[in-house]
Amino acid sequence: MSSNWEPPRNYRSRTVAILGAGVLGRRVGCIWASAGFDVKIRDPSEQQRVDGIAYIKENVQSYAAKTNQVPGSYEAVEDMKQAVENAWLVIEAVPEKLDLKIATFAELEALTPEDCILASNSSSYKTSEMIGQISDSTKTRVLNMHYYMPPACMIVELMTNGHTTPEIFPFMVERCKEAATNPYVARKESTGFIFNRLWAAVKREVLTILAEGVSVPDEIDAMWGELFVKAGTLPCQTMDNVGLDTVAFIEGHYVEERGLSPEKTVDFLKKNYLSEGKLGTKCSKGGLYPASEPAPPKVESKKPEILVLDLGLSAAAPSMKSGEILQISADGKQQKTIIKGQALPDGLAVDSGRMFWTAMGIPGKLDGAVYSANLDGADIKTVVAPGSIDTPKQLCLDTVAQTVYFCDREGCRVYRCAYDGSNLEVLIDNTGGDMTAEQRVSAWCVGVAVNPSQGKFYWTQKGPSKGGEGRIFCADIATPEGQSAITRGDIQCIKSGLPEPIDLEVHEASSTLYWTDRGELPWGNSLNRAKLGDDGLPLSTSSPLGYEILTRGLNEAIGVKLDSANSLIYLTDLGGSIYRCDLDGKNKEKVYSAENRAFTGITIL
């Protein structure tokens, strides 16, 4: 490895090339464009190129808000040479096929400038497995550069291939920071990156606990939320606080009982720390953290700001267009209006720096609509214009597929479209055949949630007001081939006889379906949940209801939003209140309340 390495020449005026315009490739391209770099995305698929550029065009300004830079140019091309011939950095995000990656790096060696840094976004393969067909000199400028899912997670991990010039890493760390990402460098090549290995160990032990019957999923998740999310527990800091001698003793017991190797646990601690008297925070010599360097401060969980929809009953002269979008502080003490003049707004969601909401309009008329805007209320765009839908209710987003799902109550349908309103399609159509007025009410579609990890979406049909005939249905995200929204055969009723179910949300990490119910007591005006199996369908339960009631006492319950980072749920009701509680319904508190307001959809920032 050369100690005379220099950064790529004139890199500020050269391009960043991304190979692959898929879901992650286009987001990586958006990151670099937002930092002022000129970006070229290469993909053999014309549709992927079009979609990739559309994503960057739609989102680059919101990404750039974090970088404080004027975005660079961006284009998508089909030809590999055109994409990389002037690049200072190439990041491959091609399909996870090792033969393809090996061939790609061989092609890059032939087409890129000799000072170009070559990176792989792969988390499945180490770059040492991809460089068998390139020269030793080229191997020194190849590394792994793994992104997770920007903009929700802006971490990027950098890792050597065993030959990478060390000086590349501080250079790339600084460039990553310019692009508003948080870089972490693996000190040596590893099967799995830093977080991948942490998660693999946690996952393995959780499965072992379940297999041995020691605990159950909801208890494990609840404890994790208390100890790690809410309390901000950090692994290395906690070991120092406990004492490394105590940690070694406990690990020694596990080694003996389970027949494990002590080499990388007990022996590692004894050789590198205990033998030198480094026991942790209880001694002057420190522990995993040197005594002269205090451990990082405890991470305090920060509750988010709230966006909520008000139907407009508080207006001086209430009308069909006095609805508002409000922003409310986490403590409920500050409130401001973001957007006014909405026709009965109902569903609300946020992604990539924009909010999306539905406006019901006058029930029975085709004047319902879907809109989007920046989080400050600027740049309002019509996603679905009045004239095609009746009474759009809850709205949810598939952030990976960049699609909007919403229910049309009086229209008796469930819809999906792209973020810009294109590709509007009917997923569920309950209008077939002659129906009485009572039957039509039972066919109304109200709440909707999408569960991409299990390939399902869910919706509520609340039935007549306070009628006790509410139902929850699910179907596959992909409509069965040769079937239509009316004839599809994959629809399943998963809950029936409910008071009046309204809005839904899925907690994908724990495979749990949550919903509000505005029906009659004792089971209505409540927050409820049901655990889902691997097939996305509810698991059997010992409860005679077939589900859990988590909290009651709401006043016409409507909106529900999960705050997974803080293990919390936010709720609204037509009585003008916003509530917050734990994922199990405990510790419910009223965050905000106002006379003459009627809240519907809710989300968090």
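All residue numbers refer to position in the chain's written sequence, counted from 1. Note on the predicted model: pLDDT of at least 70 is required for a residue's local features to be given, and 80 or more for side-chain atom pairs to be given and counted; whole-chain, interface and lining totals, by contrast, use all residues. Each side-chain value is derived from all of the structure's non-hydrogen atoms; neither hydrogens nor water enter the calculation.

A. Representation of the overall build of the chain in the model. Counting its regular elements, the chain contains 12 helices and 32 strands. In this description the radius of gyration comes from C-alpha coordinates, and the expected globular size is given by 2.2 Å times residues to the power 0.38. Its C-alpha atoms give the chain a radius of gyration of 27 Å, near enough to 25 Å, the size a compact globule of 605 residues would have. Summarising its shape, the C-alpha atoms of the chain cover approximately 80 × 60 × 50 Å along the three principal directions. Considering only contacts in the chain between residues 6 or more positions apart, those separated by 24 or more positions represent 55%. In this description a helix means any DSSP run of H or I spanning at least four residues, a strand means any run of E spanning at least two, and both kinds are numbered starting from the N terminus. Should any heavy atoms of two residues lie within 4.5 Å, those residues are counted as being in contact.

B. Looking closely at the sheet that holds strand β7 (residues 155–160). Paired strands, as defined in this entry, are two strands with at least two bridges between them according to DSSP. Ordered in space as β3-β2-β1-β4-β5-β6-β7-β8, the 8 strands form an open sheet in which the pairing is mixed. Strands at the two margins of the open sheet, each flanked by one partner only, are β3 (74–77) and β8 (182–186). When the angles between neighbouring strand axes are averaged without regard to direction, this sheet yields 25°. Inspection of the sheet shows strand β5 (residues 117–120) paired to strand β6 (residues 142–147) by 3 bridges, in the parallel sense. Looking across to β6, one finds that Leu118 is bridged to Val142. Note on definitions: angles span 0 to 180 degrees between N-to-C directions of axes, and those axes are lines fitted to C-alpha atoms, for helices only across the stretch in contact. Contacts from helix α6 (residues 168–178) reach β4 (87–92), β5, β6, β7 and β8, with the element oriented near 170° to β7.

C. Summary view of helix α7 (residues 194–211). Take the residue count of a helix, subtract one, and multiply by 1.5 Å to get its expected span. For α7, which comprises 18 residues, the first-to-last C-alpha distance of 26 Å matches the rise-based estimate of 26 Å (1.5 Å per residue) to within 8%. A positive phi of about 70° marks Gly213, the residue just after α7.

D. Structural detail: unusual backbone geometry. A cis amide bond, omega 0°, links Pro150 with the succeeding residue Pro151. Position of Pro151 among the secondary structure elements: in the loop between β6 and β7. Located in the positive-phi region is Gln402, a residue other than glycine, with phi close to 60°. Position of Gln402 among the secondary structure elements: in the loop between β16 (392–398) and β17 (403–408). Only protein chains enter the calculation, and the probe is 1.4 Å; a residue is then buried if its accessible area is under 20% of its type maximum, exposed if over 50%, and partly exposed in between. Judged by its relative accessible area of 13%, Gln402 is buried.

E. Spotlight on the pattern of salt bridges. Any Lys or Arg side-chain nitrogen found within 4 Å of a carboxyl oxygen on Asp or Glu counts as a salt bridge. Per the stated rule, a full pass over the model turns up 30 salt bridges. A salt bridge links Asp115 to Arg9; its shortest N-O distance comes to 3.8 Å. Of this pair, Asp115 sits in the loop between α4 (98–111) and β5 while Arg9 is found in the segment before β1 (15–19), placing the two residues 106 residues apart along the sequence. For Asp115, a relative accessible area of 12% gives the class buried. One salt bridge connects Glu556 with Lys466, and the closest N-O pair in it is separated by 3.1 Å. On the criterion of sequence distance, the pair formed by Glu556 in the loop between β27 (548–551) and β28 (557–563) and Lys466 in the loop between β21 (456–461) and β22 (470–476) is long-range, its members being 90 residues apart. Relative accessible area serves as the criterion here: at 28%, Lys466 is assigned to the partly exposed category. Three or more residues joined by partner-sharing salt bridges are found here, namely Glu58, Arg354, Asp379 and Lys381.

F. Local environment of the domain arrangement of the chain. Split into domains, the chain comes out as domain 1 (15–186), domain 2 (196–276) and domain 3 (305–604). Across the interface of domain 1 and domain 3, roughly 590 Å² is buried in total on both sides, 47% from carbon and sulfur atoms. Between domain 1 and domain 3 we count 2 salt bridges in total. Of the charged contacts, one joins Glu58 and Lys381 as a salt bridge, the two residues approaching to 3.9 Å between their closest N and O atoms. Here a polar contact means two N or O atoms within 3.5 Å. Within protein one must be a hydrogen donor candidate and the other an acceptor candidate, and residues neighboring in sequence count only if both atoms are side-chain atoms. Summed over the shared surface of domain 1 and domain 3, the number is 3 residue pairs in polar contact (both at pLDDT 80 or more). Elements with a minimum of two residues in the side of domain 1 that touches domain 3: α1 (23–34) and α2 (46–67). The element best represented in the side of domain 1 that touches domain 3 is α2, accounting for 4 residues. Basically, the charged four are Asp, Glu, Lys and Arg, the nonpolar ten are Ala, Val, Leu, Ile, Met, Phe, Trp, Tyr, Cys and Pro, and anything else, Gly included, counts as polar. When the residues that make up the side of domain 1 that touches domain 3 are grouped by side-chain class, the tally is 3 nonpolar, 2 polar and 2 charged. For the domains described, the bounds stem from an automatic or database domain assignment. Put simply, buried area is how much 1.4 Å-probe accessible surface two parts lose in total, over both of them, once they are put together.

G. Representation of the side chain of Gln454 in the model. With respect to the helices and strands, Gln454 occurs in the loop between β20 (448–451) and β21. At 2.7 Å, the side chain of Gln454 forms a polar contact with the side chain of Asn451. Setting aside chain neighbours within four positions, we find Gln454 in contact with Ser511, Leu532, Gly533, Asp534, Asp535 and Gly536.

H. Focus on the environment of Lys393. Within the secondary structure layout, Lys393 lies in strand β16. According to the relative accessible area criterion, Lys393 is buried, its value standing at 9%. For Lys393, the residues in contact, after removing those within four places along its chain, are Asp346, Gly347, Thr358, Met360, Cys407, Arg409, Cys445 and Val446.

I. Expanded view of the nonpolar core. What is meant by a nonpolar core is a set of buried Ala, Val, Leu, Ile, Met, Phe, Trp, Tyr and Cys residues, joined one to another through side-chain atoms within 4.5 Å. Trp32, Trp88, Ile91, Met145 and Met172 are the most contacted members of the largest nonpolar core, which totals 36 residues. For Met145, the residues in contact, after removing those within four places along its chain, are Trp32, Ile91, Ala119, Ser120, Asn121, Val156, Glu157, Leu158, Met172 and Cys176. Leu19, Val90, Leu108 and Ile131 belong to the second-largest nonpolar core, a separate cluster that totals 17 residues.

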